[in-house]
Amino acid sequence: MPDTSLPMTERSAAPPQPVRFRGGGFTVKGHRWAALLAFVVLIAVWESTNRFGLVSELFLPPPSAVASALAAMAQDGSLWQHLKASLMRIGVGWVMGTVAGMAVGFAMGIGSVARAVGVPLVSAFFPIPKIALLPLFILWFGIGEPSKFATIGFGVFFPTVIATYSAIDSVPRNLIRMAQSFGLPWASILRKIVLPGALPGILAGFRITASIALILVVAAEMIGAEYGIGAFVLTAGNLMLTDQLLAGVLVLSLLGLSIGTVLSILERRLLKWR
Amino acid sequence: MRLIIKDLCHRYDDLVVLDGIDLTVQEGEVLAVIGPSGCGKSTLLGIAGGIVAPTSGTIAVAGEVPDGCLNPITFIFQDFALLPWRSVEDNLSLVLEHHPLSAAERRERIESGLRRMGLWDFRKALPKQLSGGMRQRVGIARALAVRPAMLLLDEPLSALDAQTRELLMEDFLSLWQRERTTAVYVTHNLDEALRLADRVVVLSRRPGRLREIVTIEEPRDQRLEPSAQAHLAEVRDRLWHLIRAEAQLADREIADA
Amino acid sequence: MTVVRWSRRLVLGAMGAAALALAGTPAAEAQGLEKTSIGVLALASSGPIFIAKSKGYFEKEGLDVELKMFTSAQQVPVAVASGDVDFGVTGLTAGFYNLAAKGAVTMIAAQSRDEPGFQLSAYVATKAAHDAGLTKPADLKGKRIAITTVGSTFHYMVGLLGQKHGFTVKDVTMVAMQDVPKMVAAFKGGQVDAVIAPVTVARQLAAEGSGTIVGWVGDETPWQLGALFTSPKTVAQRRPLAEKFVGAYLTALAEYHAAFNAKDASGAVVKGPGYDELLAIIAEATKQKPEVVAAGLPYVEPKGKLLVDDIVNQVKFWQSEGQVDKALDAKSVMDLTFVK
């Protein structure tokens, strides 16, 4: 608009005002070092509470005591013995629960009869605390490895079923229609469309079931286990050896962290198309 | 290939979607189907392609199938329906893998499909890396790879912006220039029908009934010429007249629902 | 934690004093009773505490004692260590000695003992193991035995049996099942050859035919099952309180002993004076039928004396098992100045 077409009013004579920026905040920025720093500060505070005698070593062993308990375990080799036993149980139990859960989940995702039967059953059995079933598992599977696999396997099975069939539900129907319109056989549609389409949901389920397996390994090792991180933590608790207790818990959480990392790598590899 | 639809009715529960459709798609013609939204255009296409079961009526095909045809009736989808986890060339491969082809022939079909749609350089790309127009070109190349006798196009350009739509229409024109593949082209866009179709079928609002079939006399490759404009404007007016009231009603119905 | 509790107590005390000055006061305050608390399990072995409370022996000593119930022996010394209760009375586990090693708890009087003629814990063999020749406690060598946890009283009982019959815990396979129900499950499932079970469980296993009682721990290896304990800090700072507490406890202990631990000439346990009255008190406190309580009444030494040699043996045993710090001096876990 040309200036001359406007009468010279008071308003047009006012000097131009800069537009104030008001779009700040409400975005999450990456603070790479904040987490690490918080961690270091936490450890330092924790250590100093003990050093200055504010908290007894019994109630909260200092990080240095936990570290030395851990070092002692690593040195006498018991750490590896415990880790090996627990990893074996987690591995076998998780694979068993996952394979069975995916098979049932697929059946429920595809077959309407299987779903009609399965959904109420899964809803009924899923919330049962597996720890409450331990005495039964002992009677059914004995006190050797099978009952430990069963404890973990059962815990992993139901979430896997749910994750699998909801993942199948989320496979876009139009892709299946497309495959049918090109005459792909049923098995090919399952293998080439449904399975890869459900993979993100199934992998998300893995994240949950891996943590469940980690939680349940402690429960599983309540059953007559000589070695295992869970057994170690239980014994340390029973003996009131709090530094060892925390060392065991630390190993468990590191285990969780590394399983999570492995899954993240797996997701990035398998799901780079997203 | 000809497609003969006889006395077709389709209901979803109590809702009558298509009612008494009798229609023959002639060998080599491009038949556009237009109508207001919700008139059952896409359902009609799904029934014609055998992926939706009609409530009653018959669908039949007759006539020649080209050499090397693997899937006589082949769809091109509005949302492209590409597998996001497969690369461009693997999306083409998907529709060939279950056929007993030699590896060399499969490769040849993929390559010729990709080259025709100008996708050769993008063959390793994932769908998410492509623009909408390129994705639909993959959809077209995939359809060409099976050497179809009939193409069923379900609003193939509706998800694209105006310029891309223009470019793809040129692709379709050159496709029908080269091989006279019979096609049913469902659209709600009058311009697409006027550019591409030999005949235009107008469906009424729900329940979808066949209101009229309008023939466009002007040859497809001359429709941009000034001499053709008078005739096309006349056809356009007629089509618009046919669907205007229906579209308005359909619009209100959706708002009411 | 302790600091907070203390300040809370001070505040409450101040409020109490204010209330006293202003208006009528609750009975306990009016009589000037000192408040204290003890952690117990709802078991017959805590009987003397229930008696002392019910018959007013604590009040006579000027104490208002609150009984806090716990569900496992593990929790009680922890509660004493954390200051949630002033005293505790339960069985002795390796966990207890680890707390003692850190200076958190110390024993001041005895609780029950395993004693010949008193059937508290039984060695029970499965039917199969019994048929195969496990007929006496000494036969447990080389067998699989279910226990609750590593460091539990059951663990020590196995060790003690070995000491008597010339084997070590290495000669048996101990399977930790965490709790008695899982122990029973492993036993019934034939996963182990034997268990050491509390009397009620043992009798039930025998009655249903899944196991045979092959001996009693009291007959085989008498030992100091449990103790009354407090924190060394209480001993140091509130010694009069602890003395009054032990005084009331010992009165009840003697009464308990007279009623339940009397034997006739043949050595059989007979009902002593006040039997029914005291049994009713314990039955009410443990919420069990009197006949169930009567079946598992443990022996107590009437003067509350600890089996010092056994306590030393316990500490050495746990040290040799690697479950208690080798540096712990066995004598330091007891304060023998309260019981003469």
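### So, the interface of chain C and chain A
For an interface, size is often stated in terms of accessible area lost upon the parts coming together. With 26 residues of chain C at the contact, the number on the chain A side is 20 residues. Of the roughly 1900 Å² buried between chain C and chain A on both sides combined, carbon and sulfur atoms contribute 71%. Of all residues in chain C, Lys102(C), Gln178(C) and Lys182(C) bury the most surface against chain A, accounting for 27% of the area lost on that side. Between chain C and chain A we count 0 salt bridges in total. At the surface where chain C touches chain A, the tally comes to 5 residue pairs in polar contact (both at pLDDT 80 or more). If you list the elements that add at least two residues to the side of chain C that touches chain A, you get helix H5 (75-82), helix H6 (94-101), strand E8 (173-176) and helix H9 (180-188) of chain C.

### A look at the sheet that holds strand E2 (residues 63-70) of chain C
Strand pairing in a sheet takes place through backbone hydrogen bonds and is either antiparallel or parallel in direction. Residues and elements named next belong to chain C. Taken in spatial order, the 5 strands line up as E2-E1-E3-E12-E4 in an open sheet, and their pairing is mixed. The sheet is open, and its two edges are formed by E2 and strand E4 (106-110), each paired on a single side. Each strand axis lies, on average, 30° off the axis of its neighbour in the sheet, ignoring direction. Sheet topology note: the E4/strand E12 (residues 226-230) ladder contains 4 bridges and is antiparallel. For Met107, the partnering residue across the bridge sits in E12 and is Phe229. Packing against the sheet, H5 makes contact with strand E1 (34-41), E2, strand E3 (87-91) and E12, and its axis sits at approximately 160° to E3.

### With respect to the arrangement of the chains
There are 2 pairs of chains in contact here, and the one with the most contacts is chains A and C. Without any contact between them, chain B and chain C keep their closest C-alpha atoms 49 Å apart.

### Overview of the interface of chain B and chain A
On the chain A side, the residues contacting the 24 residues of chain B number 17 residues. Interface area, chain B with chain A, both sides summed: about 1800 Å², of which 69% is carbon and sulfur. Looking only at chain B, the three residues that lose the most surface to chain A are Ile51(B), Trp85(B) and His98(B), adding up to 35% of its buried area. Connecting chain B to chain A are 1 salt bridge. Here Glu97(B) makes a salt bridge to Lys192(A), at a shortest N to O gap of 2.8 Å. Seen at the junction of chain B and chain A, the total is 7 residue pairs in polar contact (both at pLDDT 80 or more). Contributing elements (two or more residues each) for the side of chain B that touches chain A: strand E5 (73-76) and helix H4 (132-145) of chain B.

### Looking at the sheet that holds E5(B)
Residue and element names in this part refer to chain B. Strand order in the open sheet made by the 6 strands is E5-E6-E7-E3-E8-E9, with mixed pairing throughout. At either margin of the open sheet sits one strand with a lone partner, and together these are E5 and strand E9 (210-215). Strand-to-strand twist across the sheet, computed as the mean angle between neighbouring axes with direction ignored, equals 20°. Here strand E6 (residues 150-154) pairs with strand E7 (residues 182-186) via 5 bridges, running parallel. Within E7, the position partnered with Leu152 by the bridge is Val184. Of the strands in this sheet, strand E3 (30-34), E5, E6, E7 and strand E8 (199-203) touch helix H1 (residues 41-48), which is tilted by about 155° from E6.

### Here's the deal with the nonpolar core
One broad trend across soluble globular proteins is that nonpolar side chains are buried collectively. Core analysis: the largest hydrophobic core is formed by 90 residues, its most contacted members being Ile193(A) and Phe172(B). Looking at this core, the element that brings in the most residues is helix H9 (residues 186-220) of chain A, giving 8 residues. Residues contacting Phe172(B), with those up to four places away along its chain left out, are Ile76(B), Ile140(B), Leu153(B), Pro156(B), Leu157(B), Tyr185(B) and Leu196(B). By size, the runner-up hydrophobic cluster in this structure holds 82 residues, among which are Ala186(C), Ala194(C), Ala202(C) and Leu306(C).

### A few points about the pairing of E1(C)
All names here are of chain C. Taking burial as the measure, the 8 residues of E1 include 6 buried ones, the bulk of the element. Sheet analysis places E1 next to E2, joined by 8 bridges and oriented parallel. Looking at E2, one finds that Leu41 is bridged to Phe70. Here E1 runs beside E3; their pairing, made up of 3 bridges, is parallel. Counted as the bridge partner of Gly39 is Gly88 from E3.

### Focus: the confidence of the model for chain C
Averaged over every residue, the pLDDT of chain C is 88; residues scoring 70 or more account for 91%. Note on residues 1-30 of chain C: pLDDT is under 50 here. Beyond four places in sequence and across chains, it has 12 contacts.

### Some remarks on the pattern of salt bridges
This model, assessed by the stated rule, comprises 32 salt bridges over all chains. Glu89(B) serves as the salt-bridge partner of Lys124(B), at 2.8 Å between the closest nitrogen and oxygen. Taken as a pair, Lys124(B) in the loop between helix H3 (103-116) and H4 and Glu89(B) in helix H2 (residues 88-94) lie far apart in primary sequence, 35 residues in all. What makes Lys124(B) exposed here is its relative accessible area of 62%. You can call Glu89(B) buried: its relative accessible area is 18%. Ionic contacts of the salt-bridge type, sharing partners, join the residues Arg89(A), Glu145(A) and Glu221(A) into one network.

### A word on the packing of aromatic side chains
The full count for this structure, using the stated rule, is 22 aromatic pairs over all chains. Between Phe87(C) and Phe245(C), the ring centres sit 4.1 Å apart and the planes meet at 15°, which makes this aromatic pair stacked. Note that Phe87(C) is positioned in strand E3 and Phe245(C) in helix H13 (residues 239-260), a separation of 158 residues in sequence. Residue class for Phe87(C) comes out buried when judged on its relative accessible area of 0%. Residue Phe245(C) is classed as buried on the basis of its relative accessible area of 0%. With centroids separated by 5.6 Å and ring planes inclined at 90°, the aromatic side chains of Phe96(C) and Tyr97(C) adopt a geometry described as edge-to-face. Neither residue differs from the other here; Phe96(C) and Tyr97(C) are each classed as buried. Clustering of aromatic rings is evident, with ring pairs tying together Phe137(A), Trp140(A), Phe141(A) and Phe154(A). Taking the ring centre of Trp120(B) as reference, the NZ or CZ of Arg115(B) above it sits at 4.2 Å. Here the basic side chain of Arg123(B) rests over the ring of Trp120(B), its NZ or CZ set 4.1 Å away from the ring centre.

The rules behind the values
Residues numbered from 1 in each chain as written. Chains lettered and ligands numbered in written order. Predicted model: local features only at pLDDT ≥ 70, side-chain atom pairs only at ≥ 80, totals over all residues. Heavy atoms only, no water. Contact = heavy atoms within 4.5 Å. Buried area = accessible area lost by both parts, 1.4 Å probe. Salt bridge = Lys/Arg side-chain N within 4 Å of Asp/Glu carboxyl O. Polar contact = N/O pair within 3.5 Å; in protein donor to acceptor, adjacent residues only side chain to side chain. Helix = DSSP H or I, 4+ residues; strand = E, 2+ residues; numbered from the N terminus. Pairing = 2+ DSSP bridges. Axes fitted to C-alpha atoms, helices over the stretch in contact; angles between N-to-C directions. Core = buried A, V, L, I, M, F, W, Y, C linked by side-chain atoms within 4.5 Å. Buried < 20%, exposed > 50% of the residue type's maximum accessible area, 1.4 Å probe, protein only. pLDDT = per-residue confidence, 0-100. Phe/Tyr/Trp six-rings, centres within 6.5 Å; stacked < 30°, edge-to-face > 60°. Lys NZ or Arg CZ within 6 Å of the ring centre and 35° of its normal.

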